[in-house]
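# Examining the three-dimensional arrangement
Read off the chains here:
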Amino acid sequence: MMNRCGLITVQKEPVPLKSIEVELEVRDHVATVVSTLNYQNKEDKAVEAVFVFPLPGDAAVCHFSAVIGQKEIVAEVKEKQEAREEYDDALSSGQQAFLLEESEQSPDIFSMKVGGLAPGESASIRLEYVTELAVQADDGLRFCLPAVLNPRYQPQGSEGASVQVFSVPASLVPYTLCFCGRLFSPRPICKVESSCSLDPLQYLNTDQTQATVKLAAGHKFDKDVEVVIYYKDAHQPTAVVEAGQTSAETGTLMGDPVVMVSLYPEFPQSVMSSVDSCGEFVFLMDRSGSMGAPLNNKERHQTRISSARDTLLLLLKSLPMGCYFNIYSFGSSFQHIFPQSVEYSQKTMEEALKKVEEMKANLGGTEILEPLKHIYSHRCIPNHPRQLFVFTDGEVGNTKQVLDLVKKNSGSHRCFSFGIGEGASSALINGLAKEGGGHAQFITGTDRMQPKVMQSLRFALQPAVEDISVTWDLPTGVSVTVLSPPITSIFQGQRSLIYGQLTGKSSEATEGSVTVKYSLAGRPSQSQLHFSLKPAEDTGLTVHRLAARTLIRSLEMEDRELRGRQDGGMKEKVVQLSVQSGVSSCFTAFIAVNKTDGKVIQGPLVRRNVPRPKLRGGGGMSRMAMVCAAPASFGMDLNQTCVRKAVAPNKKKKSLPSCSPFKGGSFPLRSSPKQLTRDPFMQLVSLQKASGCWTLDPHLAAALGKTREEVEESKPATVNSEVWATILALIWLHGFKMDAKEEWELLAKKAASWLHSQNAPCVPECVDAGNALLGCSVQKDALML
């Protein structure tokens, strides 16, 4: 069921939000973001502006205030229902009030209400949050300012109402965005990349450890603002101790010092170079209507689903012999290629590829919960660890239900998640990987899906790290309470974060250490970090707020697990921690009331819904049949124009009929792999056998840009045709597609392994002959032969 309201043009309804200014400050891998939203009421009536917008799913929202004229009103964190009632009471009394709350279904969506904006009056709303930057597989640190919020799909029968999004096409967004950032790092900043146009990077000092970035003028709201920061000698282990708040009580989280430890374990090269041939690989592919949208605005012919098909082809060709696999696809319903996972062979691979070629974005909505339940209902295969790959554009309304299910089954699998396109839910994509002990990737802008997915497949093929434990060595008199959930997965080059509350004092020692021990491929290993107990300067309360956010998320999940089996004590803990730390939660909200200016706002308020940009159009919106009204999770009623009246607390509103989704448009079937002619690379990949070899035939010759006769006549006489074909394919990949090496590296390793197993004679002669035929100069060693 898709509840969706307000698909009307901005010309039909005045929008009081005029501009958004965003200031980013990055210190090492932690970002502080301050957003200022400038409102102006140009109407002759008092208005209430309602704005639903996305934030990073792991952000700790820690400040909310309003400036009206020369006066600043700072919001307080209160229990959510109490805050809502205070807001309603304030507006009923003719006072100005401001409310900010997190969605109950997904922690990456917030609702802001600006109530009582008098005719001609302006207000500036300031919102601040802190967040850790995710580490990309290429060692970059990714910051994303979500500028796009697409409607979230709420499955039939789910608890609660869906998030309401008032949307207009990106070209009609009636407000502007200004974005700038300051970067501070203990190591030189090498470069900054972005999916949007940036002004040139400006360094602030000679050692290039400080810099500024700025969004170029004219942002079109057609994409999220994504910034990837690269440091020299990136990702060194660090620990930061932050002093407690002087006004807070000692013994509380905000009153005591907090340590943030960042570890980057390094695995032995001998382990990293080996490929585990066992495993059960389950691929779960989104086939909802929105997957028919273009992958990006520059290559509109390449849809998300067509890129997903190519990605599945690469994945299936790269799997090791001896493993098991299955492919699920989902929309309003779900399908699977095999009743249960099957052993990987030429026969099962061909059967799967035939079904993959027929996949279209025609399964309706985005109901991911049921296929996950079905996957988890199958028992794991002994000695074949389950690896789950989830591909989705991430627009679901029941994010927390999905993450709870993944966490419940985290002991039986690793989950690798991929957010496809602008507006994908960071809470869902990052949460799947976090709770499933895997790795998350986002495919946005002009990103190709294939290299990011293959990076994750390499992670999945790493031996699972087992028996993870964390021990602390602190001076006598000092103890630590760990605030983070236990570490469940460790990957080469990936950060492990630990937050701890430090209590007590030591008269002499000023240093502590933390050690992470684990077993890798049967070998005991460890990573240790020594750190100073002296508090850092200039961090404010950033570390405390991130630690509070981490603990709040853990307690919220525990509350959902215990719901119906306890007396609400967990909710009380969350509310108490949220109020104490000033960090938002699903049970609290920020509330500010202007009580002192003496003016009373006359008359009923006119509701004005501030629109978000949407990227769907035409068939891309196929899941929504019509504009409709529905019960709102934020207590919102998104009709075109609403008159607000005082509503008695807890008075229930009658819900309106919801929309029914209709089926997505049809997409043409692609030709079978052997008939592909547009892309020689994908044609070559499609011709590889499950064992890793190629056969000598006209299709291979065509992919190589040669005739069958040219290929056969150049073959050394003593070599069989499969060995010759395989060497030619490897030479072609190294000679012409080095820019896509991440995509074909695993299948090339499989081909080299097959060649070794053949004990083929005259390999140097074949390499020379292949180079001569293809016009290359690839060395035998480069081919891993």
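Residues numbered from 1 in each chain as written. Predicted model: local features only at pLDDT ≥ 70, side-chain atom pairs only at ≥ 80, totals over all residues. Heavy atoms only, no water.

### Things to note about the overall build of the chain
Across its full length, the chain holds 16 helices and 35 strands. Put simply, the chain has 785 residues, and 59% of those count as buried. When the accessible surface of the chain is split by element, carbon and sulfur atoms take 49% of a total near 31,600 Å². (Helix = DSSP H or I, 4+ residues; strand = E, 2+ residues; numbered from the N terminus. Buried < 20%, exposed > 50% of the residue type's maximum accessible area, 1.4 Å probe, protein only. Areas by Shrake-Rupley, 256 points an atom, 1.4 Å probe, with all protein chains shown as cover.)

### So, the pairing of strand 13 (residues 176-184)
Note: strand 1 (residues 17-27) against strand 13, 9 bridges, orientation parallel. Paired with Arg27 across the strands is Phe184, a residue of strand 13. Summarising the sheet, strand 13 and strand 16 (residues 210-214) pair through 5 bridges and their orientation is antiparallel. Pairing of Arg182 across the sheet is with Thr212, part of strand 16. (Pairing = 2+ DSSP bridges.)

### Remarks on the sheet that holds strand 14 (residues 189-194)
Sheet strands associate in pairs through backbone hydrogen bonding, adopting either a parallel or an antiparallel arrangement. A sheet is described by the order of its strands in space; here 4 strands give the open sequence 10-11-17-14, paired in antiparallel fashion. Unpaired on one side and paired on the other, strand 10 (134-135) and strand 14 mark the two borders of the sheet. Bridge count for strand 14 against strand 17 (residues 225-231) is 5 bridges, and the pairing is antiparallel. When the sheet's bridge partners are listed, Glu193 is paired in strand 17 with Val228.

### Let's talk about the environment of Ser262
Structurally, Ser262 can be placed in strand 19 (residues 258-263). Exposure remark for Ser262: the relative accessible area of 0% places this residue in the buried category. Apart from the residues lying within four places of it in its own chain, the contact partners of Ser262 are His29, Pro237, Thr238, Arg495, Ser496, Leu497 and Leu529. Side-chain polar atoms of Ser262 contact the side chain of His29, separated by 3.2 Å. (Contact = heavy atoms within 4.5 Å. Polar contact = N/O pair within 3.5 Å; in protein donor to acceptor, adjacent residues only side chain to side chain.)

### Points about the pattern of salt bridges
Any two side chains of opposite charge can pair if their charged atoms end up close together. Enumeration over the complete set of coordinates arrives at 19 salt bridges. When the shortest N-O distance is used, the salt bridge between Arg187 and Asp28 registers 3.4 Å. One end of the pair, Arg187, is in the loop between strand 13 and strand 14; the other, Asp28, is in the loop between strand 1 and strand 2 (30-40), with 159 residues separating them in the sequence. The salt bridge partner of Asp393 is Arg304, with a shortest N-O separation of 3.4 Å. Of the two residues, Asp393 is situated in the loop between strand 24 (386-392) and helix 6 (399-408) and Arg304 in helix 3 (residues 304-318); the sequence distance between them amounts to 89 residues. Taken as a pair, Asp393 and Arg304 share a single burial class, namely buried. (Salt bridge = Lys/Arg side-chain N within 4 Å of Asp/Glu carboxyl O.)

### With respect to unusual backbone geometry
Residue Asp28 is not a glycine yet carries a positive backbone phi of 55 degrees. Taking the relative accessible area as the measure of exposure, Asp28 reaches 16% and is therefore buried. With a phi angle near 60 degrees, Gln208 is a residue other than glycine that sits in the positive phi range.

### Details of the packing of helix 9 (residues 542-562) against helix 10 (residues 569-581)
Two elements in contact, helix 9 and helix 10, have axes separated by 9 Å at closest approach and are oriented at 165 degrees. One finds that helix 9 runs roughly antiparallel with respect to helix 10. For the pair helix 9 and helix 10, the sense of crossing is left-handed. Between helix 9, through Arg545, Ala548, Leu551, Ile552, Leu555, Glu556, Glu558, Asp559 and Leu562, and helix 10, the contact on the second element is made entirely by Met570, Lys571, Lys573, Val574, Leu577, Ser578 and Ser581. For the contact of helix 9 with helix 10, the per-class residue count stands at 8 nonpolar, 2 polar and 6 charged. (Axes fitted to C-alpha atoms, helices over the stretch in contact; angles between N-to-C directions. Parallel < 35°, antiparallel > 145°, perpendicular 65-115°, else oblique. Left-handed = near helix turned anticlockwise from the far one by under 90°. Nonpolar A, V, L, I, M, F, W, Y, C, P; charged D, E, K, R; others polar.)

### Regarding the packing of aromatic side chains
Counted according to the given criterion, the structure contains 14 aromatic pairs. Measuring from centroid to centroid gives 6.3 Å for Phe64 and Phe590, while their planes differ by 65 degrees, and the two rings are edge-to-face. Of this pair, Phe64 sits in strand 4 (residues 60-68) while Phe590 is found in strand 32 (residues 588-594), placing the two residues 526 residues apart along the sequence. The same class applies to Phe64 as to Phe590, namely buried. Each residue in the set Phe283, Phe389, Phe391, Phe416 and Phe418 is aromatic and connected to the rest through ring pairs, giving one cluster. Above the face of the Phe184 ring, Arg27 is positioned so that its terminal group lies 4.3 Å from the ring centre. (Phe/Tyr/Trp six-rings, centres within 6.5 Å; stacked < 30°, edge-to-face > 60°. Lys NZ or Arg CZ within 6 Å of the ring centre and 35° of its normal.)

### Comments concerning the nonpolar core
One recurring pattern in soluble globular proteins is that nonpolar side chains are buried together. Core analysis: the largest hydrophobic core is formed by 85 residues, its most contacted members being Phe281, Phe283, Leu316 and Phe391. The biggest single contributor to this core is helix 14 (residues 721-736), with 10 residues. Not counting residues within four places of it along the chain, the set of residues in contact with Phe281 comprises Leu319, Pro320, Cys323, Tyr324, Phe325, Asn326, Gln387, Phe389, Leu457, Ala460 and Leu461. Ile20, Phe110, Tyr175 and Ala211 belong to the second largest nonpolar core, which has 55 residues in total. (Core = buried A, V, L, I, M, F, W, Y, C linked by side-chain atoms within 4.5 Å.)

### A short note on helix 8 (residues 449-461)
Here helix 8 contains 13 residues, and its C-alpha end-to-end distance of 19 Å stays within 8% of the 18 Å for a straight helix at 1.5 Å per residue. Within helix 8, 12 of the 13 residues are buried, which leaves the element mostly enclosed by the surrounding structure. Its buried side turned inward, helix 8 meets strand 20 (280-286), helix 3, strand 24, strand 25 (413-420), strand 26 (440-443) and helix 15 (741-758). (Expected span 1.5 Å × (residues − 1).)

### Some words on a negative patch on the surface
On the surface, a cluster of negative charge is contributed by Asp138, Asp139, Glu266 and Glu742. Here Asp139 is to be found in the loop between strand 10 and strand 11 (141-145). For Asp139, a relative accessible area of 37% corresponds to the partly exposed category. (Patch = residues over 30% accessible without salt bridge, like charges linked within 9 Å, V, L, I, M, F, W, Y side chains within 5 Å. Lys, Arg positive; Asp, Glu negative; His and termini not counted. Charge placed at Lys NZ, Arg CZ, Asp CG, Glu CD.)

### A short note on the sheet that holds strand 28 (residues 479-482)
What the 4 strands build is an open sheet, ordered 18-19-29-28; its pairing is antiparallel. Single-partner strands in this sheet number two, and they are strand 18 (238-242) and strand 28. Across the sheet, the mean angle separating the axes of adjacent strands is 25 degrees when strand polarity is ignored. Sheet analysis places strand 28 next to strand 29 (residues 496-503), joined by 4 bridges and oriented antiparallel.

### Side note on the side chain of Ser329
With respect to the helices and strands, Ser329 occurs in strand 21 (residues 324-330). Dropping the residues within four chain positions of it, Ser329 is found in contact with Met285, Arg287, Phe334, Gln335, Met359 and Leu363.

### Focus on the confidence of the model for the chain
Per-residue confidence for the chain gives a mean pLDDT of 82; residues scoring 70 or more make up 82%. Counting contacts from residues 1-12, a segment whose pLDDT is below 50, to residues more than four positions away or on other chains yields 50 contacts. Considering only residues more than four positions removed or in separate chains, one finds that residues 616-676, a stretch of pLDDT under 50, has 139 contacts. (pLDDT = per-residue confidence, 0-100.)

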